[in-house]
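Geometric and topological summary
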Amino acid sequence: MRTPADFPVRRPRAQRGRIWLVVLAAILFFLIVSLRGIAGFYTDFLWFDDLRLASVWRGILGAKLALAVIFTVVAAVALWLNLWIAEKVSPAFRPPGPEEEVAERFHEVVGGRTALVRLGFAVLFGLMAGAGASGRWNDWILFTNHVSFNAKDALFHRDIGFYVFQLPFLSFVVGWAFATLVVVLLLTAGWHYLFGGIRVQTPAIQHVTPQVKAHLSVLLGVIALLKAAGYWLQRFELTTSTRGYIDGAGYTDAKAQLPALQLLVIISVLAALLFLVNIRLRGWTLPVIAVALWGFTSIVVGVAYPAFIQKFRVEPNQSQKERPYIARNIAATRKALNIDDTHVTVKNFAYDTDLDSGALDDNSATIRNVRLWDPTVLRQTYRRLQEIRQFYRFNDVDIDRYQVDGELTQVMLSARELDPGGLLSKTWENTHLNFTHGYGAVLSPANAVTTDGLPDLLLKDLPPVGKPALDQPAVYFGEDLGGYAIVNTKRQEIDYQRADGSTKRTTYKGSGGVPVSSWLRRAALALRFGEINPLISSYITRDSRAIYLRDIRERVTKIAPFLRFDADPYPVVLDGKMFWVQDAYTITSRYPYAERAPVDRLPGDSGLRERFNYVRNSVKVVTNAYDGKMTFYVVDKTDPIAKAYQKAFPKLFTTAPVPSELQQHLRYPEDLFRVQTDAYGTYHITDPSDFYDRGDAWDIARDPGSGRVANAETASAPAPTTASGAPSPTIAGSIGSTSGDDRMDPYYLLMRLPDERDESFLILQPFTPASKDLLSAFMVAKSDPGEYGKLEAFVMPRDLSVDGPRIIDGKINQEPSLSQEISLLNQSGSKVLNGNLLLIPVNQSLLYIRPLYVEAQGTPVPQLKYVVAVYNGNVEFDTTLRGALTKLFGSAPETLEQPAQGGGGGGGQVTPPPPTSPGVDATVQSLLDQAIQAYTDAQTALRSGDLAGYQKKITEMNDLVAEARRRLASSSSGSSSSTTTTTTTAPASA
């Protein structure tokens with residue numbers, strides 16, 4: 001009979017009530033903490049649904065949930081089943097001893113709830129083991145939607161699609177199963193210990209019961225089979241080995257590591273058989289033999305033997321032993337990076353020095369489109385001249401081509417975007433309801449310069465005026481635009497401020513953004529944004545729309561996280577609307593035998609800054625700047641990875657071709673071109689012996705001081721003009737890479753290539769021999785419809801020394817008159833900036849062009865000051881490109897600089913006419929005096945920040961100068977006596 005002390009003590013009702021209150025408070029706290037996450041989840045769905053891409057959201061989420069659930073359940077069931085078996089085979093009587101005390105305490109705590117505890121352990125272990133599997137959703141999607149590459153690897157003769165689509169997920173599953181079962185084995189052994197099946201310290205009894213031995217033998221046998229499967233899959237991983245001279249299976253991998261793995265497969269299967277035989281024998285001899293045999297084989301055969309072969313057979317004769325494997329690597333790398341003979345046409349550049357003015361005239365379109373404005377310099381000028389208000393900004397200046405006066409012209413274009421950080425009053429209403437968008441864009445020809453050294457703006461001002469026409473100028477989606485806006489509210493939004501000080505307001509009419517049509521949505525958005533105002537503001541109506549995820553990079557990454565995106569989106573004006581174009585890539589690191597792609601020269605925000613050995617620019621994403629709608633065009637229909645994603649997400653990718661109007665503005669992406677040219681520097685060599693020697697390896701040309709302050713004393717040191725005396729030789733880095741100094745960035749050009757009839761919009765990259773500064777080749781990639789993606793490599797004659805960009809930079813610095821001008825300007829309250837040094841091939845000759853900009857202290861508006869032209873060792877400079885070319889060749893085609901006549905005068909520093917110059921008509925003299933005064937007034941307005949007044953006075957000055965020229969020309973043609981004509985432009989500002 002139990003005494004009263006044996007009865008459980010009942011807690012008072014008040015105490016039980018407090019416990020329930022604590023539990024309830026914990027639940028409420030958990031819900032409150034989770035509410036924002038739930039709101040983010042819900043508003044993400046609303047965002048996808050508004051874009052009609054909810055199927056993509058469900059597809060990715062479904063893959064994550066499916067993997068997490070499947071792997072969690074499998075792990076939990078595996079543990080639960082083994083713990084249940086351990087209980088069933090436990091001895092009926094647990095002998096007393098020092099270990100029984102621990103087991104007894106466990107059973108006292110558990111009591112009759114063993115099944116519940118077992119289930120709890122299993123569920124907890126399943127969650128820990130299976131939750132991480134959701135991170136493999138991309139591998140799962142590719143695994144279930146795999147397609148064929150229609151090409152086989154050279155070692156196992158399997159389709160490459162197996163390595164790209166199936167092997168990653170299979171390797172993960174086998175590795176996960178092996179690790180999971182090892183943990184299950186350990187936990188099961190512990191469970192046997194708690195239930196008496198295993199005793200270590202208890203004397204005079206069997207330490208492990210036969211049933212436990214049989215159970216653990218089965219687990220060990222399954223683990224051995226999984227290890228055999230892992231070794232079998234590991235054989236295929238050799239195709240991307242990094243052990244040898246090149247990536248991919250080398251001599252040691254094929255002749256030593258592969259046989260070792262095959263032997264380990266056999267040993268693992270044999271070990272599994274020994275474990276299974278031990279079920280009957282129930283001893284320890286066979287398990288010990290199996291483990292010892294596996295351990296000895298894995299160490300000696302799997303590690304020591306390959307290392308011995310590599311050290312003593314391969315390294316002494318590496319070029320000969322690795323020759324067939326180098327050949328495989330060359331073929332695979334060229335194919336994987338699209339730099340094989342199918343995509344790259346190699347041409348010999350018959351370098352000569354026969355260029356004359358007639359050849360320039362024949363290539364007048366090329367000269368007319370030589371880029372005189374660097375994007376980084378021009379952005380500063382745009383900002384000073386055209387941002388107009390502090391809440392606008394120009395994030396970037398991009399290069400494109402448009403029809404200007406009926407001629408295809410290379411232009412610079414920048415969108416005038418919203419800068420929320422520039423608001424002087426950062427109230428919630430101003431930030432999210434009032435200032436919601438940028439407005440308009442600025443466009444100027446890359447070659448056009450006004451008489452005061454500024455860009456000739458074809459599209460400018462607020463509201464936007466000029467061409468191309470911009471009928472819908474509001475920019476609600478752009479680069480680096482964070483936060484959110486709520487539009488179509490009772491509060492009208494600001495478009496811009498008029499010249500008279502009044503404000504132009506608007507109400508959003510587009511379909512972009514999530515409708516705020518219910519209190520539930522408003523509450524969810526308030527939680528997402530962390531502000532209560534979206535819930536309580538009286539400005540918001542049922543017709544309002546919330547625009548969030550406004551940054552165009554963030555949007556495409558959210559929609560398609562399985563793609564990689566270029567660092568430089570660019571705007572395009574089509575049919576009066578503005579669109580953003582983004583290049584998207586498919587990549588993998590699993591392409592057999594291909595070398596890892598060089599990524600050192602990529603910008604930090606490039607999506608390609610990760611390990612890969614296969615890349616395709618398969619997708620172009622076009623985003624409407626007004627409503628944010630995105631269209632994913634598949635432009636490379638041969639890419640198997642793109643095909644797999646199309647199978648997985650058919651509603652994401654459009655089947656329609658890229659509109660012809662948009663094709664005129666597509667650019668070959670700079671990030672991809674950087675990777676390809678870096679790799680091509682080595683992989684243009686196709687003979688394995690020559691590849692091993694690297695005697696003909698190329699580097700990307702060293703940067704010749706672009707963007708730096710120009711100064712005869714502090715600029716880059718003059719470079720010798722011979723190969724033997726080349727300055728600061730660099731050391732060749734790893735395969736397909738350049739090391740040492742900074743390297744030249746590739747640049748876009750609109751030009752006519754040698755032996756072609758028409759101009760092409762292309763991107764160009766110069767090469768030099770490894771560790772030298774002579775020019776060895778240059779590569780271009782075309783962007784025009786019908787030729788998009790074609791790469792051409794122009795190779796210099798190997799028996800000639802052709803000056804490279806760094807040598808040309810040295811010659812420019814050695815020009816005495818130019819050095820003197822630069823020194824004077826750098827000492828007079830201003831600084832001179834080096835522009836990009838452009839290599840321009842004209843026929844079979846090479847012309848180098850460098851613009852120089854002057855920037856005054858206190859008014860940082862870079863102006864084009866001089867243009868330097870270098871040909872055949874001769875350096876000339878003038879205030880215009882045409883002037884510099886005229887000095888070199890006697891005459892030159894007209895450019896877009898102002899003025900375009902007079903053989904190269906104008907565009908910079910010019911002396912105004914004397915007040916009493918004989919032979920000059922009094923009316924002309926008066927016009928010129930008024931022009932000079934207008935220019936002076938313009939500079940005064942600029943220094944005071946009156947940009948509208950500055951533009952007005954500049955326009956007035958240009959009109960006066962044009963009228964003076966017209967009168968001079970009329971007077972000269974109508975008079976028998978010669979009059980003195982003075983070419984006059986406005987003085988350059990300090």
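This structure is a prediction, so every number in the text was calculated from the model and none was measured. (Residues numbered from 1 in each chain as written. Predicted model: local features only at pLDDT ≥ 70, side-chain atom pairs only at ≥ 80, totals over all residues. Heavy atoms only, no water.)

**With respect to the overall build of the chain**
- When helices and strands are tallied, the chain shows 27 helices and 31 strands.
- Classification of the 990 residues of the chain by burial places 54% in the buried group.
- Residue pairs in contact within the chain that sit at least 24 positions apart in sequence constitute 70% of those at least 6 positions apart.
- With the model as given, the accessible surface of the chain reaches about 42,400 Å², and the carbon-plus-sulfur share is 57%. (Helix = DSSP H or I, 4+ residues; strand = E, 2+ residues; numbered from the N terminus. Buried < 20%, exposed > 50% of the residue type's maximum accessible area, 1.4 Å probe, protein only. Contact = heavy atoms within 4.5 Å. Areas by Shrake-Rupley, 256 points an atom, 1.4 Å probe, with all protein chains shown as cover.)

**Some points on the pattern of salt bridges**
- Taken as a whole and assessed by the stated rule, the structure comprises 39 salt bridges.
- The closest approach of N and O atoms between R528 and D44, which form a salt bridge, is 3.0 Å. With R528 in helix 16 (residues 519-529) and D44 in helix 1 (residues 13-50), the pair connects residues that are 484 residues apart, well separated along the chain.
- Looking at D44, the relative accessible area reads 15%, which means it is buried.
- One salt bridge connects E479 with R553, and the closest N-O pair in it is separated by 3.1 Å. One end of the pair, E479, is in the loop between strand 10 (474-475) and strand 11 (484-487); the other, R553, is in helix 18 (residues 552-559), with 74 residues separating them in the sequence.
- We classify E479 as buried; its relative accessible area is 4%.
- Among the charged side chains, a network of salt bridges with common partners joins K347, E756, K782, E787 and E792. (Salt bridge = Lys/Arg side-chain N within 4 Å of Asp/Glu carboxyl O.)

**Description of a negative patch on the surface**
- A surface patch of like charges, here negative, comprises D354, D356, D361 and D362.
- Structurally, D356 can be placed in the loop between strand 1 (344-348) and helix 12 (357-362). (Patch = residues over 30% accessible without salt bridge, like charges linked within 9 Å, V, L, I, M, F, W, Y side chains within 5 Å. Lys, Arg positive; Asp, Glu negative; His and termini not counted. Charge placed at Lys NZ, Arg CZ, Asp CG, Glu CD.)

**A closer look at the packing of aromatic side chains**
- A complete count under the given rule lists 45 aromatic pairs for this structure.
- Taking 5.5 Å as the distance between ring centres and 0° as the angle between the ring planes, the aromatic pair formed by Y748 and F761 counts as stacked. Here Y748, found in strand 23 (residues 747-752), pairs with F761, found in strand 24 (residues 759-769); they are 13 residues apart in sequence, far enough to count as distant.
- In textbook terms, an aromatic cluster arises when at least three aromatic residues are bridged by ring pairs, as seen for F71, W140, F143, F169, F172 and W176.
- Positioned over the ring face of F162 is R158, at 4.6 Å from the centre of the ring.
- Taking the ring centre of F877 as reference, the NZ or CZ of K887 above it sits at 5.7 Å. (Phe/Tyr/Trp six-rings, centres within 6.5 Å; stacked < 30°, edge-to-face > 60°. Lys NZ or Arg CZ within 6 Å of the ring centre and 35° of its normal.)

**A short note on unusual backbone geometry**
- P463 follows L462 through a cis peptide bond whose omega is -5°.
- Mapped onto the fold, P463 is located in the loop between strand 8 (459-460) and strand 9 (465-466).
- At the junction of K467 and P468, the peptide bond is cis and its omega measures out at 0° in the coordinates.
- In this structure, R52 takes a positive phi of about 60° despite not being glycine.
- Relative to the assigned elements, R52 resides in the loop between helix 1 and helix 2 (54-88).
- Take R52: its relative accessible area is 76%, and that puts it in the exposed class.
- Phi at Y593 is positive, roughly 70°, even though this residue is not glycine.
- For Y593, the position within the fold is in the loop between strand 18 (577-588) and strand 19 (614-624).

**A look at the side chain of R555**
- Relative to the elements of secondary structure, R555 occurs in helix 18.
- Of the side chains bearing the opposite charge, D50 lies closest to the buried R555, which forms no salt bridge; the N-O distance is 6.2 Å.
- In terms of polar contacts, R555 uses its side chain to reach the backbone carbonyl oxygen of L549, at 3.0 Å. (Polar contact = N/O pair within 3.5 Å; in protein donor to acceptor, adjacent residues only side chain to side chain.)

**Digging into the sheet that holds strand 14 (residues 514-515)**
- Strand order in the open sheet formed by 3 strands is 11-15-14, with antiparallel pairing between adjacent strands. What marks the edges here is a single partner per strand, and that holds for strand 11 and strand 14.
- As judged from the 2 bridges shared by strand 14 and strand 15 (residues 545-548), these two strands associate in the antiparallel manner. Across the sheet, P515 pairs through a bridge with R545, a residue of strand 15.
- Along the sheet, helix 16 makes contact with strand 11, strand 14 and strand 15, crossing strand 15 at roughly 25°. (Pairing = 2+ DSSP bridges. Axes fitted to C-alpha atoms, helices over the stretch in contact; angles between N-to-C directions.)

**Points about the confidence of the model for the chain**
- Overall, the predicted model of the chain reaches an average pLDDT of 86, with 86% of residues at or above 70.
- Mean pLDDT values over the elements of the chain span from 68, in helix 27 (residues 947-974), up to 98, in strand 18.
- Scored below 50 in pLDDT, residues 1-9 makes 2 contacts in the model with residues more than four places away or belonging to other chains.
- When the criterion is pLDDT under 50, residues 712-740 qualifies, and its contacts beyond four places in sequence or with other chains add up to 61 contacts. (pLDDT = per-residue confidence, 0-100.)

**Some details on the environment of W232**
- Its location among the elements puts W232 in helix 7 (residues 210-237).
- The exposure class of W232 is partly exposed, given its relative accessible area of 38%.
- In sequence terms W232 and V265 are 33 residues apart; their C-alpha atoms lie 6.3 Å from each other.
- With near-sequence residues (within four places) excluded, W232 lies in contact with R158 and V265.

**Observations concerning the environment of Q386**
- Considering the arrangement of structural elements, one finds Q386 in helix 14 (residues 375-386).
- The buried category is assigned to Q386, whose relative accessible area is 0%.
- Separated by 74 residues in the primary sequence, Q386 and K460 place their C-alpha atoms 7.2 Å from one another.
- Side-chain polar atoms of Q386 contact the side chain of R416, separated by 2.8 Å.

**Overview of the side chain of N430**
- Checked against the element boundaries, N430 lands in helix 15 (residues 428-434).
- A polar contact of 3.1 Å, which involves the side chain of N430, links it to the backbone oxygen of S425.
- Looking at N430, its side chain comes within polar contact range of the side chain of N434, at 2.9 Å.
- Discounting chain neighbours no more than four positions away, the residues touching N430 are L423, S425, F435 and R491.

**Side note on helix 25 (residues 881-889)**
- Summarising burial for helix 25: 8 of the 9 residues are buried, a large majority.
- For helix 25, the full list of buried residues reads L881, R882, G883, A884, L885, T886, L888 and F889.
- Structurally, helix 25 contributes buried residues whose contacts are with helix 12, helix 13 (364-368), strand 29 (845-856), strand 30 (859-871) and strand 31 (874-878).
- Phi turns positive, to about 95°, at G890, one or two residues after helix 25.

**Details of the pairing of strand 29**
- With 12 of 12 residues buried, strand 29 lies mostly within the body of the structure.
- Here strand 29 shows no split at all, with S845, L847, I849, P851, Y853 and E855 on one side and L846, Y848, R850, L852, V854 and A856 on the other all buried.
- Across 5 bridges, the pairing between strand 27 (residues 830-834) and strand 29 is antiparallel. Of the residues in strand 29, the one forming a bridge with V832 is V854.

**Regarding the packing of helix 2 against helix 6 (residues 160-194)**
- Across the interface, helix 2 lies against helix 6 with an axial gap of 10 Å and an inter-helix angle of 30°. For the element pair helix 2 / helix 6, the angle class is roughly parallel. Crossing hand, helix 2 versus helix 6: right-handed. Taken together, the residues of helix 6 that come into contact with helix 2 (itself represented by L67, F71, V74, A75, A78, L79, N82, L83, A86 and E87) are F169, F172, V173, W176, T180, V184, L187, T188, W191 and H192.
- Across the contact of helix 2 with helix 6, the residue classes tally to 15 nonpolar, 4 polar and 1 charged. (Parallel < 35°, antiparallel > 145°, perpendicular 65-115°, else oblique. Left-handed = near helix turned anticlockwise from the far one by under 90°. Nonpolar A, V, L, I, M, F, W, Y, C, P; charged D, E, K, R; others polar.)

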